[in-house]
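Summary of structural features
Residue strings, one per chain:
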Amino acid sequence: MAYFKYLPNVYVRNRTFLNGTHPYELTVNIFRRIKIRDLYKGELLGFTKYAIKDNERPDQIAKNAYGDSGLDWIVLLVNNIINVNTEWPVTREDLYKICVDRFGTVDSVHHYETKEVKGQNGEVILPEGLQVNENFQYIKPDGTLTPKNDSRRPVSNYETMDEENEFKRQIYLLRGAYVDDFVNEFRRLSKYLPNDEVDSDGNKKTPTTLAEEFIGITNYRKPSQSTASTGSARGGGSSTALIASGGGSGTAGVAAAVATEVTTGTSSTGTTSNSTTSYNTETASSSSSSSSSSSSSSSSSSSSSSGSSGSSGGY
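Read on for a plain summary of the structure.

Calculation rules
- Residues numbered from 1 in each chain as written.
- Predicted model: local features only at pLDDT ≥ 70, side-chain atom pairs only at ≥ 80, totals over all residues.
- Heavy atoms only, no water.
- Phe/Tyr/Trp six-rings, centres within 6.5 Å; stacked < 30°, edge-to-face > 60°.
- Helix = DSSP H or I, 4+ residues; strand = E, 2+ residues; numbered from the N terminus.
- Buried < 20%, exposed > 50% of the residue type's maximum accessible area, 1.4 Å probe, protein only.
- Lys NZ or Arg CZ within 6 Å of the ring centre and 35° of its normal.
- Axes fitted to C-alpha atoms, helices over the stretch in contact; angles between N-to-C directions.
- Parallel < 35°, antiparallel > 145°, perpendicular 65-115°, else oblique.
- Left-handed = near helix turned anticlockwise from the far one by under 90°.
- Contact = heavy atoms within 4.5 Å.
- Nonpolar A, V, L, I, M, F, W, Y, C, P; charged D, E, K, R; others polar.

Turning to the packing of aromatic side chains, a few remarks are in order. Across all of its chains, the model carries nine aromatic pairs by this definition. When the ring of Tyr11 is compared with that of Tyr24, the centres are 6.4 Å apart and the planes differ by 85°; the resulting orientation is edge-to-face. On the criterion of sequence distance, the pair formed by Tyr11 in strand 1 (residues 9-13) and Tyr24 in strand 2 (residues 24-28) is long-range, its members being 13 residues apart. Under the relative-accessibility criterion, Tyr11 is labelled partly exposed at 24%. Measuring from centroid to centroid gives 6.3 Å for Tyr96 and Tyr158, while their planes differ by 55°, and the two rings are tilted. You can see Tyr96 sitting in helix 4 (residues 92-103) and its partner Tyr158 sitting in helix 6 (residues 157-169), a full 62 residues away along the chain. Its relative accessible area of 23% is what places Tyr158 among the partly exposed residues. By way of ring pairs, the aromatic residues Tyr3, Phe4, Tyr6, Trp73, Phe182 and Phe186 are connected into one cluster. In this structure, Lys205 is placed above the aromatic ring of Tyr11, and the distance from its NZ or CZ to the ring centre is 4.7 Å. Taking the ring centre of Tyr24 as reference, the NZ or CZ of Lys205 above it sits at 4.7 Å.

Listed below in structure tokens is the structure:
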């Protein structure tokens, strides 16, 4: 499938900060997705209806419609199909096997549906196809009680699954004259909007947060934690910072800096925490020099991070 060559790239962290390096790996951003608006589907807007044949695949349809089997992703995208294993119709034989695996038998009753009931003048007073319970009986406007067998009918497991399978066969196809414009528009929409996290080659990288740089350090002990979304250290994108639950005892200088970074950052809900968060460290120092270092680091971090903002980012 040629779909992925139209998606932009993103730098992904493959491990934590280690030995002074930020280990990023460039890969395709598979979370980038474009969807056709439902209101734009229709025969008058460049689409035609198509019934999928038994055992026909998306690449075969693309080959017949556009002359290129690599455009099968257009067939899927136009119909908002993400998983072909569950959203694409299957053959009669496969449907029978799936029905047996799911229900154990194909003939047992899955549910009941109404039968069509007409009035004295031939008008429909009860439409067919409404799902009801087994004991349903329709009462006509004149008070006459309709027998069960005339009010509803049983629907088997196979009949239910076959109806769903037939519904999946009805899809829309983009007209061949619009394919080139569609591909160009898809490529344009897939690109990132200009921001600080996108480089000159169009690749996106979210900066490392201050809290992440302490993960993996020998003397760093992971606290009992919850997570909070904050602005990144450079002001762009979003990230997850570790917040200790409950108050700790002693804190070292680096822990105070992390706590200050978290409390001064802007959360995803737009609120700012004014309380100081404590981080448990491997050992607690009671000396005045450690306390002074902690205070100094806290002050420095507060001044450097106070200008950061929690702008939207991520993928």
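Relative to each other, helix 4 and helix 6 sit at 130°, their axes nearing to 10 Å. As judged from the angle between their axes, helix 4 and helix 6 are oblique. Crossing geometry of helix 4 relative to helix 6 is assigned as right-handed. Of helix 6, the residues touching helix 4 (which contributes Arg92, Leu95, Tyr96, Ile98, Cys99, Arg102 and Phe103) are Asn157, Tyr158, Met161, Asp162, Asn165 and Glu166. Partitioning the contact of helix 4 with helix 6 into residue classes produces seven nonpolar, two polar and four charged.

These values are about where atoms sit, not about what they do.
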